[in-house]
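Next come the chains, spelled out residue by residue.
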Amino acid sequence: MTLPARDKGKLRLRASLRAARSASDPADRQEQAQAIARAVVDHAGGIAAAPGERRTIAAYLGRDPEPATAGLLQDLHARGFDVVLPVCEPAYRLSWVGWVPGTALQRSVRAPVDEPVGPRRPFEEVPAVCLILVPALAVDRSGQRLGQGGGYYDRFLAQHPTDSPGAPPRLGVVYRSELLPAGAIPAEPFDQRLGGVFTADGLQRFEAVAGPV
Ligand SMILES: Nc1nc2c(c(=O)[nH]1)N(C=O)[C@@H](CNc1ccc(C(=O)N[C@@H](CCC(=O)O)C(=O)O)cc1)CN2
Ligand SMILES: Nc1ncnc2c1ncn2[C@@H]1O[C@H](COP(=O)(O)OP(=O)(O)OP(=O)(O)O)[C@@H](O)[C@H]1O
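From a predicted model like this one, the values you see are computed outputs, not experimental measurements.

Draft legend 1. Seen up close, the nonpolar core. Within the largest apolar cluster, 44 residues are counted, with the highest numbers of intra-cluster contacts made by Val83 and Leu133. In terms of residue count, helix H2 (residues 26-45) provides more of this core than any other element does, 5 residues in total. Each residue touching leucine 133, except ones within four places of it in the same chain, is listed here: Val40, Ile57, Ala58, Ala59, Tyr60, Leu171 and Val173.

Draft legend 2. Spatial organisation of the site of ligand 2. Around ligand 2 lies a shell of 14 residues, among which Gly147, Gly150, Gly151, Tyr153 and Asp154 are the nearest. Considering each element in turn, the shell around ligand 2 owes the most residues, 5 residues, to helix H4 (residues 152-158). A class-by-class count of the residues in the shell around ligand 2 yields 5 nonpolar, 5 polar and 4 charged.

Draft legend 3. Broad picture of unusual backbone geometry. In this model, aspartate 64 is joined to proline 65 through a cis peptide bond whose omega is 10°. With respect to the helices, strands and loops of the structure, proline 65 is situated in the loop between strand S1 (56-58) and helix H3 (70-78). Look at alanine 91: it is not a glycine, yet its phi comes out positive at around 60°. Structurally, the position occupied by alanine 91 is in the loop between strand S2 (82-89) and strand S3 (93-99). Using a count of 6 C-beta atoms within 10 Å as the deciding quantity, one classes alanine 91 as exposed. With phi around 60°, tyrosine 92 is a residue other than glycine that occupies positive phi space. Looking at where tyrosine 92 falls in the secondary structure, it is placed in the loop between S2 and S3.

Draft legend 4. Quick look at the site of ligand 1. Taken together, 17 residues sit near ligand 1, with Ala111, Val113, Pro135, Gln148 and Tyr152 positioned nearest. Of the residues in the shell around ligand 1, the class split is 10 nonpolar, 5 polar and 2 charged.

Draft legend 5. How the structure looks around the packing of H2 against H3. Running from N to C, H2 and H3 cross one another at 25°; their axes reach a closest spacing of 9 Å. Here H2 is positioned roughly parallel relative to H3, judged by the angle of their axes. Note on packing geometry: the crossing formed by H2 with H3 is right-handed. Facing H2, whose interface residues are Gln34, Ala37, Val40, Val41 and Ala44, H3 presents Gly71, Leu72, Asp75 and Leu76.

Draft legend 6. Summary view of the sheet that holds S1. The strand order across the open sheet formed by 7 strands is S3-S2-S1-S6-S9-S11-S12, and the pairing between neighbours is mixed. Strands at the two margins of the open sheet, each flanked by one partner only, are S3 and strand S12 (202-205). Across the sheet, the mean angle separating the axes of adjacent strands is 30° when strand polarity is ignored. When strand S6 (residues 129-135) meets strand S9 (residues 170-173), the two strands line up parallel, connected through 4 bridges. What sits directly across from proline 135, in S9, is valine 173. Running at roughly 130° to strand S11 (residues 196-199), H2 makes contact with S1, S6, S9, S11 and S12 of the sheet.

Draft legend 7. Seen up close, the environment of valine 100. Mapped onto the elements, valine 100 comes out in the loop between S3 and strand S4 (105-107). For the pair formed by valine 100 and alanine 48, sequence separation is 52 residues and the distance between their alpha carbons is 22 Å.

Draft legend 8. Summary view of the sheet that holds strand S8 (residues 145-146). Strand order in the open sheet formed by 3 strands is S8-S7-S10, with mixed pairing between adjacent strands. The open sheet terminates on both sides in strands that have one partner only, identified here as S8 and strand S10 (179-180). In this structure, strand S7 (residues 138-140) lies alongside S8, joined through 2 bridges in antiparallel fashion. Bridge pairing in S8 places valine 139 opposite arginine 145.

Conventions and cut-offs
- Residues numbered from 1 in each chain as written.
- Chains lettered and ligands numbered in written order.
- Predicted model: local features only at pLDDT ≥ 70, side-chain atom pairs only at ≥ 80, totals over all residues.
- Core = buried A, V, L, I, M, F, W, Y, C linked by C-beta atoms within 7 Å.
- Buried ≥ 20, exposed ≤ 12 C-beta atoms within 10 Å, placed from the backbone.
- Helix = DSSP H or I, 4+ residues; strand = E, 2+ residues; numbered from the N terminus.
- Contact = placed C-beta atoms within 7 Å.
- Near = placed C-beta within 6 Å.
- Nonpolar A, V, L, I, M, F, W, Y, C, P; charged D, E, K, R; others polar.
- Axes fitted to C-alpha atoms, helices over the stretch in contact; angles between N-to-C directions.
- Parallel < 35°, antiparallel > 145°, perpendicular 65-115°, else oblique.
- Left-handed = near helix turned anticlockwise from the far one by under 90°.
- Pairing = 2+ DSSP bridges.

Set out below in structure tokens:
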């Protein structure tokens, strides 16, 4: 199959970002992951909940060399948030499973990631989501995201546009060097933009641009 020129650019960029992540210093990765976790917890603490309503964060379990999120998930739980994590389903769909400390994990049959064991729900049935944390290999300052290439999050985010009432913000998580200048990530029509990104330097929000973010 001949890939469109842009897609080739994405493949190259993905390969070099993966190589750079794997070659980076594990101690630096850990330090940045801890700073990212602090930034997320600070931000989450400022989200107002409806009276009596628990707040849910749609997070994910980072897998080395991704920024580690296990400590972040513990912190969010300890602060009273409900946490749900994605499970890969057929046709690149995601379903969501509640996570608390101690929830059993198992390797996905569809992707090299661990997933929680428990009842699976479509996102529409997860109540009171106030934030979606989105894994990425890189994000550029126009909000373009490069993921692992399955298109799981593109499909998921396309089904939950941010312009619908009460839609939660979608914020990426990357290492400092993976926040790239605007335009650095080739944009394809199906790509879903993010409203901002967490790095070890804190939350960086992007200017609103035409189209969904
Ligand atoms: N932690 C985490 N969970 C996630 C994602 C993610 O990016 N990170 N996903 C985001 O969509 C979905 C899973 N999709 C993924 C697809 C491919 C690869 C990946 O690393 N693929 C490499 C390595 C394959 C291998 O070594 O076996 C590859 O395809 O080359 C990871 C996640 C849902 N859960
Ligand atoms: N909304 C959509 N509907 C159908 N197919 C889609 C949609 N979004 C993306 N895709 C398909 O998914 C494939 C992977 O997309 P892309 O390279 O952007 O993945 P990614 O965002 O890096 O991956 P992931 O979201 O899994 O981390 C593309 O070939 C594209 O055709």
